Amino acid sequence: MSREIFITELDELQQEIYALGRHIESTFKKVVQAMNKGEKAVLQDLIEADEEVNEVELKINEQATLMITKQQPVASDLRHIIVCLKISSDLERMGDLSVDMAKAYLHMPSNQAYQAYRPELDAMVSKVEIMVRQVMEAYDSKDMLKAQQLAAMDDDIDQAYGKLVKDLFRSEYSVDQTAQLAFIARYMERIGDYCTNISEWIIYEVNGKRFDLN
Amino acid sequence: MSINSLQERPSREEATVTQEEAREAVFRTEGLNLWYGNTQALHNIELDQRANEVTAIIGPSGCGKSTYIKTLNRMVQMNPIVKVTGKVYYRDQNIFDRKFPVEELRTRVGMVFQKPNPFPKTIFENVAYGPKIHGIRNKKLLAEIVEESLKGAAIWEEVKDRLQENAFGLSGGQQQRLCIARCLAIEPDVILMDEPTSALDPKSTLKVEELVQQLKSKYSIMIVTHNMQQAARISDRTAFFLNGEVIEFDETDKIFSNPSDKRTEDYITGRFG
């Protein structure tokens, strides 16, 4: 076997993406927990901590660029690196969206509406959590079937989001609560979309073909 | 729902296949086997060289790349222990047919070698040599051929004021382009290149690569190279040889982005070879 150092570097890059994915999953969970408990200080801390994610993404970009420059990869090696770049960017956006949820919550003058719609929100949260976890598992094991299954879950989240927004239009709560709540649901729905994006990249990495799962 | 049932975005290659396929084959190799004594060096080769395209042949040392292209001008048969079966058609004529004169074949199929091999003559004489042995004596015509050939090989500007100097005074890169000019002077149809840049520095290599790109509008080119980036940069189609077999032959974009055979993938990504 030749190019062992390069192959090790490719593995390390994948591990960094995986770790970033787990971090994003954890941030999402922490934001939801803090919103549920009304812990505004925790939400503020989580907003500030997002800068670290941006730095990790930049580091991954730099490493990937250097690998392309120095190793001139082709075929599956090149796809591996391109997909790392794409997924790290999608993960960074997912991190931003979790933080945007926290910001929207902090803009709400009261959490009455939030608590009233907890069952609908909780249902969306649990689906998003499964998607985020499953997409990273699919990435780690290059499991195309698992990646593909996420499309159906994303459809469920889209429907739940649509229904929640309709309900919010008819709700008795003030617009400054319902609008922010709609944003929170929207950001969750977008996180689901990014998961399907990542699924498409996993399929591309494995077989070199692009599929539209959205 | 299976992966295949999902709507696939059409790739660029697929969209242009019809146009590509319409190109005629200058060389068509069918079931070519070749032995050096008892050792079989080529196994059932099937390969087309299309007109006005660059075909790259890649593969590890000893895989039969050079043997294959030397078969196309029958140079390989100068070795008495070589035995060949199968067919190679040059413009629909089997080159192994006794009625096909080998001199005619070599006039139509020029070759450039790994190491520049100018004759120990002047720059002018190097290029004029081929046309002269084909009977051209008119000095004005010879001068025109020399100028055109040197221009075609992108070396005219560098040598136009020193045509009477010995070719050995040129740099390696210039000597190689002179050899290409010498090849162009006999107006070939196909140019075979056997690792033409492996003895050259990076700048000369780039010049020869650019030249190959320019030449394909007039000629069909087959190039053996150990430099995979070179194959990816300059060829339209690439054949991967391994142990005397063609493992994969496809559009270069496909070979270097998503090859079909794992052995090709492993070779081009540096897993072996």
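Numbering of residues starts from 1 in each chain and follows the order in which that chain's sequence is written. Note on labels: chains are lettered from A, ligands numbered from 1, in written order. Confidence filtering applies because this is a predicted model: local features only for residues at pLDDT of at least 70, side-chain atom pairs given and counted only at 80 or more, and all residues used for totals across whole chains, interfaces and linings. The side-chain numbers reported here are obtained from all heavy atoms of the structure, hydrogens and water having been left aside.

You'll find chain B entered in an unreviewed UniProt entry as Phosphate transport system ATP-binding protein, with Alkalicoccus daliensis given as the organism.

Labelled according to an unreviewed UniProt entry, chain A appears under the name Phosphate-specific transport system accessory protein PhoU, originating from Alkalicoccus daliensis. Database annotation for chain A, UniProt heading Sequence similarities (unreviewed entry): "Belongs to the PhoU family." UniProt positions are given in the numbering used here, feature names are shortened, and annotations may be inferred rather than shown by experiment.

Now, about the overall build of chain A: what can you tell me, with residues and values included?
Secondary structure elements follow DSSP: runs of H or I of four or more residues count as helices, runs of E of two or more count as strands, with numbering from the N terminus. Looking only at helices and strands, one finds 7 helices and 0 strands in chain A. The globule rule puts the C-alpha radius of gyration for 214 residues at 17 Å, and the 19 Å found for chain A is close to it. For chain A, buried positions account for 49% of its 214 residues. If you take every contact in chain A between residues at least 6 apart in sequence, the share linking residues at least 24 apart comes to 82%. Total accessible area computed for chain A in this model is approximately 9,700 Å², and 51% of it derives from carbon and sulfur atoms. Charge convention: Lys and Arg are scored as positive, Asp and Glu as negative, and His as well as the terminal groups of each chain are ignored. A charged residue contributes its charge at one atom only: NZ of Lys, CZ of Arg, CG of Asp or CD of Glu. Here chain A contributes 24 positively and 38 negatively charged side chains, and the mean placements of these two sets differ by 3 Å. We compute the radius of gyration from the C-alpha atoms alone; for a globule the expected value is 2.2 Å times N to the 0.38, where N is the number of residues. Summary of the burial criterion: residues with accessible area below 20% of their type's maximum are buried, those above 50% are exposed, and those between are partly exposed, where the area comes from a 1.4 Å probe applied to protein chains only. Whether two residues touch is decided by their heavy atoms; if any such pair falls within 4.5 Å, the residues are in contact. For the accessible areas, the method is Shrake-Rupley and the probe is 1.4 Å, while residue cover comes only from the protein chains on display.

Before we move on, could you go through the sheet that holds strand β7 (residues 190-194) of chain B and cite the residues and values that matter?
All names here are of chain B. Only when DSSP finds a minimum of two bridges between them are two strands counted as paired. The mixed open sheet is built from 6 strands, whose spatial order is β6-β7-β8-β3-β9-β10. The sheet terminates laterally at β6 (109-112) and β10 (245-251), the two strands that pair on one side only. Geometrically, the sheet is characterised by an average inter-axis angle of 15 degrees between neighbouring strands, direction not taken into account. Both strand β3 (residues 54-58) and strand β8 (residues 220-224) contribute to a ladder of 4 bridges, which runs parallel. Looking at β8, one finds that valine 54 is bridged to isoleucine 221. Where helices are involved, their axes are fitted lines through C-alpha atoms of the stretch in contact, as for all axes, and angles between N-to-C directions lie from 0 to 180°.

Explain the UniProt feature "domain: ABC transporter" (unreviewed entry) in chain B to me, using residue names and the numbers behind them.
In this structure's numbering, the residues bearing the UniProt feature "domain: ABC transporter" (unreviewed entry) are residues 27-268 of chain B. Structurally, residues 27-268 of chain B is divided into 38% helix and 27% strand, and its ends, taken at the C-alpha atoms, are 26 Å apart.

How would you summarise the pattern of salt bridges if you had to cite specific residues and measurements?
Salt bridge criterion: a side-chain nitrogen from Lys or Arg within 4 Å of a carboxyl oxygen from Asp or Glu. In this structure the tally under the stated criterion is 31 salt bridges over all chains. Here A:Asp96 ties to A:Arg93 by a salt bridge, and the two come within 3.1 Å at their closest N and O atoms. One end of the pair is A:Asp96 and the other is A:Arg93, both in helix α3 (residues 75-107) and 3 residues apart, which spans about a single turn. The closest approach of N and O atoms between B:Arg263 and B:Asp261, which form a salt bridge, is 3.0 Å. Taken together, the shared-partner salt bridges in this structure form one network comprising A:Arg22, A:Glu25, A:Lys29 and A:Arg133.

An account of the packing of α3(A) against helix α7 (residues 175-207) of chain A is needed here, citing residue identities and associated values.
Residue and element names in this part refer to chain A. Running from N to C, α3 and α7 cross one another at 170 degrees; their axes reach a closest spacing of 9 Å. Judged on the interaxial angle alone, α7 and α3 are roughly antiparallel. Nonpolar residues are Ala, Val, Leu, Ile, Met, Phe, Trp, Tyr, Cys and Pro. Charged residues are Asp, Glu, Lys and Arg, and all others, Gly as well, are polar. In the contact of α3 with α7, the residues fall into 19 nonpolar, 6 polar and 7 charged. Put simply, angles under 35 degrees are roughly parallel, angles over 145 are roughly antiparallel, angles from 65 to 115 are roughly perpendicular, and the rest are oblique.

Outline the pairing of strand β2 (residues 39-50) of chain B, listing residues and values.
All names here are of chain B. Taken together, the 8 bridges between strand β1 (residues 25-36) and β2 define a ladder with antiparallel strand orientation. Bridge pairing in β2 links threonine 29 to leucine 47. The antiparallel hairpin formed by β1 and β2 contains 2 residues in its connecting segment, where glycine 37 sits at a positive phi of about 65 degrees.

Go over the sheet that holds β2(B), please, and point to the residues and values.
Residue and element names in this part refer to chain B. Ordered in space as β2-β1-β4-β5, the 4 strands form an open sheet in which the pairing is antiparallel. The sheet terminates laterally at β2 and β5 (93-94), the two strands that pair on one side only. Pairing analysis gives 8 bridges linking β1 to strand β4 (residues 82-90), with the strands arranged antiparallel. Within β4, the position partnered with threonine 29 by the bridge is valine 88. The sheet contacts of helix α2 (residues 65-72) involve β1, β2 and β4, and relative to β1 the element is tilted by about 120 degrees.

Can you break down helix α8 (residues 202-215) of chain B residue by residue, with the values?
All names here are of chain B. One fewer than the residue count of a helix, multiplied by 1.5 Å, yields its expected span. In a regular helix each residue adds 1.5 Å, so 14 residues correspond to 20 Å; α8 covers 20 Å between its end C-alpha atoms and thus fits that length. Ser204, Thr205, Val208, Glu209, Leu211, Val212 and Leu215 are the residues of α8 that are buried. Projection of α8 onto a plane perpendicular to its axis shows the buried side chains occupying an angular sector of 160 degrees, all on one side. α8 presents Pro202, Lys203 and Glu210 as exposed residues on the side facing more than 90 degrees away from its buried surface. Each element contacted by the buried residues of α8 is listed here: β3, α5 (139-152), α7 (172-184), β7, β8 and α9 (228-234). Capping the start of α8, aspartate 201 holds a side-chain oxygen 3.0 Å from the backbone nitrogen of lysine 203, two or three residues further along. Here the arc refers to the set of directions running from the helix axis out to each C-beta atom. We call two N or O atoms a polar contact when they sit within 3.5 Å, provided that within protein one can donate a hydrogen and the other can accept it, with sequence-adjacent residues counted only if both atoms are side-chain atoms.

Which residues make up unusual backbone geometry, and what values do they have?
For A:Ala75, which is not glycine, the phi torsion reads 45 degrees and is therefore positive. Secondary-structure assignment places A:Ala75 in helix α3. On the basis of relative accessibility, which here comes to 1%, the residue A:Ala75 falls in the buried class. A positive phi angle is found at B:Asp92, which is not glycine, with a value near 75 degrees. Note on placement: B:Asp92 falls in the loop between β4 and β5.

Residues and numbers for the UniProt feature "domain: PhoU" (unreviewed entry) in chain A, please.
This chain's UniProt record puts "domain: PhoU" (unreviewed entry) on residues 20-103 and 123-202 of chain A. For residues 20-103 of chain A, the end-to-end C-alpha separation is 22 Å, with 94% helix and 0% strand making up the annotated structure.

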